[in-house]
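# Structural characterization, general
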Amino acid sequence: MKSKMIRLGAAALALTMTAALAGCGTAGSNSASGSSSTSGSSASQDVPEMVEIDYSKYIDENGFWKDIHALDYVTLPEYKGVEIPSEEIEPTEEELQSNRESLLSQWAYYDEITDRAVEDGDTVNIDYVGSVDGVEFTGGNTNGAGTTVTIGVTSYIDDFLEQLIGHKPGETFDVNVTFPEDYNDSTDADGNTIVLAGKDAVFTTTINYIQGDTLNYPEMDDAFVAENLQATYGWTTAAEAEEGIAEAIRNTKKYNYMLDYLSENSEITEVPASISENMREAQLAAINNQAASYGLSVDMLMMLSGYGSEADYLAMLDEQLPEAAKFSLIRQAIAEQEGMTVEEAELKEMLGDNYDSYVETYGLNYIKQDVMIGKVDQLLLDEN
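As the structure is a computational prediction, the values presented were derived from the model and not from experiment. (Residues numbered from 1 in each chain as written. Predicted model: local features only at pLDDT ≥ 70, side-chain atom pairs only at ≥ 80, totals over all residues. Heavy atoms only, no water.)

## Regarding the overall build of the protein chain
Basically, it comes down to this: Helix and strand assignments follow DSSP, with helices taken as H or I runs no shorter than four residues and strands as E runs no shorter than two, numbered in order from the N terminus. Throughout this description, buried means an accessible area under 20% of the type-specific maximum (1.4 Å probe, protein chains only), exposed means over 50%, and partly exposed covers the range between. Note on definitions: a residue-residue contact is assigned when non-hydrogen atoms from the two residues lie within 4.5 Å.
A count of helices and strands for the protein chain gives 13 helices and 10 strands. Evaluated residue by residue, the protein chain yields a buried proportion of 44% over its 384 residues. The contacts of the protein chain with a sequence gap of at least 6 include a subset with a gap of at least 24, amounting to 76%.

Here it is in structure tokens:
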């Protein structure tokens, strides 16, 4: 199925990047992270400058691609009342279980092992306070929040993590390291500069627990659903939650079926090159600014976000953009044929207090296009 990256939007990519980076302990989360080869200033080499992005410049006031009338290029098939075989959309038990686990992931937990010493390869939750010449420095403190690291996998300074081996949960001890010669400076609590490059540092470290291998999920019974899922999903019982999960899977599979149906049955004379060019420009600007905001090179951002290298990401982008541009054109053709519009008052109601900031960041026309895409997608679900 080729429809995985159909909604290729710069805003969506930025949110994906943020989520991916949120739990990886990078981008300046603390000064203990980073090996001697990818630390401090060396990790921030080639950090791009922020660029101004006008996401709306290629989109008109109706939310359509500027100067492109999609129905001039696309002859649509009948897209309402399409007979979709039930076996194509009925969820399997594997899909149901995967979606349950995804839904419950924020409450999932690993066993906490506290009755043995740390071994090489263990995943360990620790707290630490770093100091140089007896002075604590910014970024060298977990502030009691705990951070999870894996010995031999997570990149930390020098042999920081190897010094955890042999200690038990509950122990507090000093880890001694030397910062690389090219490490960035930091500051103390009063904002005074502390030079870290080449300095010996002491991290007073507490091992909280060793993380077990099994991820445990809570039981999704009536009490759990009412307490944790009702506010977001409106479910009050486990049965309602199960049906809600199943219906979400059906809708996703129906949606993907319809995208494939449209791809196979639409007659397209040409996809204007400007669509993919404009998408690419917005994507590259978005990852540039995302990298800049984290103080990373684009290459490092792509690696941490699971895309491999910058070259890998660009290759993926070039492969998928033509398909994304085609579906953007098809969606616009449906919106044109349906006479769809997006009014500013509608956006204000939808975005609420976020309206002004969204418009400032993305522009009114871009937001209209995104909402228009959503309307087309909903029509494909409702009418089939």
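## Some words on the nonpolar core
How we decide: In plain words, nonpolar cores are sets of buried Ala, Val, Leu, Ile, Met, Phe, Trp, Tyr and Cys residues tied together by side-chain atoms within 4.5 Å.
Residues L76, Y79, L262, I275, I334 and L380 are the most contacted members of the largest nonpolar core, which totals 47 residues. Listed by contribution, the elements that provide at least two residues to this core are α7 (238–265), α8 (273–294), α9 (298–304), α10 (310–338), α11 (344–351), α12 (355–362) and α13 (364–382). By residue number, the principal contributor to this core is α10, which donates 10 residues. Not counting residues within four places of it along the chain, the set of residues in contact with I334 comprises L76, Y79, L262, V376 and L380. Residues I126, Y128, F137 and L161 belong to the second largest nonpolar core, which totals 24 residues.

## Concerning the packing of α7 against α13
For clarity, the threshold we go by: Lines are fitted to the C-alpha atoms to define the axes, a helix being fitted only along its stretch in contact, and any angle between axes, read from their N-to-C directions, falls within 0 to 180 degrees. Any angle that is under 35 degrees is reported as roughly parallel, and any over 145 degrees as roughly antiparallel; angles of 65 to 115 degrees are reported as roughly perpendicular and all others as oblique. In this classification, the charged set is Asp, Glu, Lys and Arg, the nonpolar set is Ala, Val, Leu, Ile, Met, Phe, Trp, Tyr, Cys and Pro, and all remaining amino acids, among them Gly, are polar.
Viewed as axis vectors pointing N to C, α7 and α13 meet at an angle of 105 degrees, and their least axial separation amounts to 9 Å. When the axis of α7 is compared with that of α13, the two are roughly perpendicular. Contacts between α7 and α13 pair N251, K254, Y255, M258 and L262 from the former with D377, L380 and L381 from the latter. Across the contact of α7 with α13, the residue classes tally to five nonpolar, one polar and two charged.

## A short note on the side chain of E336
The line we're drawing: Within this scheme the basic residues Lys and Arg register as positive and the acidic residues Asp and Glu register as negative, but His and the chain ends are omitted. Throughout this description, the term salt bridge denotes a Lys or Arg side-chain nitrogen within 4 Å of a carboxyl oxygen of Asp or Glu.
Relative to the elements of secondary structure, E336 occurs in helix α10. Within the buried set, E336 has no salt-bridge partner at all; the shortest N-O distance to an opposite charge, 13 Å, is to R331. Setting aside chain neighbours within four positions, we find E336 in contact with F64, I68, H69, A70 and L71.

## Some thoughts on the environment of V135
Position of V135 among the secondary structure elements: in strand β4 (residues 135–141). A relative accessible area of 36% means that V135 is categorised as partly exposed. With residues up to four places along the chain from it excluded, the contact list for V135 reads G130, D188 and I194.

## Considering the pattern of salt bridges
Inspection of the entire model under this criterion finds 15 salt bridges. For E119, the salt bridge is made with R116, and the minimal N-O distance between the two is 3.9 Å. Here E119 falls in the partly exposed class, since its relative accessible area comes to 45%. Look at R116 and you get partly exposed, because its relative accessible area is 26%. The shortest N-O distance in the salt bridge between R331 and D377 comes to 2.8 Å. Linking R331 in helix α10 with D377 in helix α13, this pair joins segments that are 46 residues apart in sequence. Residue D377 is classed as buried on the basis of its relative accessible area, which comes to 8%. Through salt bridges with shared partners, a single ionic network connects E90, E243, E247 and R250.

## Focus on α10
Our working definition: For a helix, the expected span equals 1.5 Å multiplied by the residue count minus one. Bend is computed residue by residue as the angle between axes fitted to the seven residues ending at the residue and the seven residues starting at it.
For α10, spanning 29 residues, the distance from its first C-alpha to its last is 40 Å, which sits close to the expected 42 Å at 1.5 Å a residue. Along its length, α10 reaches its greatest deviation from straightness, about 35 degrees, at Q320, and the proline P322 lies no more than four positions downstream. Just downstream of α10, G339 is the residue with a positive phi angle, here 65 degrees.

## Let's talk about the confidence of the model for the protein chain
Rule in force here: Confidence of the predictor at the level of single residues is given by pLDDT, which spans 0 to 100.
Mean pLDDT over the protein chain stands at 87; residues scoring 70 or higher make up 88%. Averaged over each element, pLDDT in the protein chain is lowest for helix α2 (residues 40–43) (38) and highest for strand β1 (residues 74–75) (98). Residue range residues 34–44 is modelled with pLDDT below 50. Its contacts to residues more than four positions away, or to other chains, number 26 contacts.

## Overview of unusual backbone geometry
Despite not being glycine, N143 has its phi angle at roughly 55 degrees, a positive value. Of note, N143 is situated in the loop between β4 and β5 (147–150).

## Some thoughts on the side chain of T205
Note the cut-off: Polar contacts, as counted here, are pairs of nitrogen or oxygen atoms within 3.5 Å of one another; within protein the pair requires one atom able to donate a hydrogen and one able to accept it, and residues that are adjacent in sequence qualify only if both atoms are side-chain atoms.
Inspection of the secondary structure puts T205 in strand β9 (residues 200–216). On the basis of relative accessible area, T205 is assigned to the buried category, the value being 0%. Engagement of the side chain of T205 in a polar contact is seen with the backbone oxygen of F203, the distance being 3.0 Å. Residues in contact with T205, not counting those within four places in the same chain, are I126, D127, Y128, F160, L164, E171, T172, F173 and V175.

## Remarks on the pairing of strand β3 (residues 123–132)
Heads up, the rule is: Paired strands, in this sense, are two strands between which DSSP finds at least two bridges.
For β3, the tally of buried residues reaches nine of 10 residues, placing the bulk of the element in the interior. Pairing analysis gives four bridges linking β3 to β5, with the strands arranged antiparallel. Bridging across to β5, T123 finds its partner in T150. Note that β3 and β9 share eight bridges and pair antiparallel. Of the residues in β9, the one forming a bridge with S131 is V202. Across three bridges, the pairing between β3 and β4 is antiparallel. Each residue of the ladder has a partner; that of S131, found in β4, is E136. The turn joining β3 and β4, which pair antiparallel and follow one another in sequence, is formed by two residues; a positive phi near 55 degrees is taken by D133.

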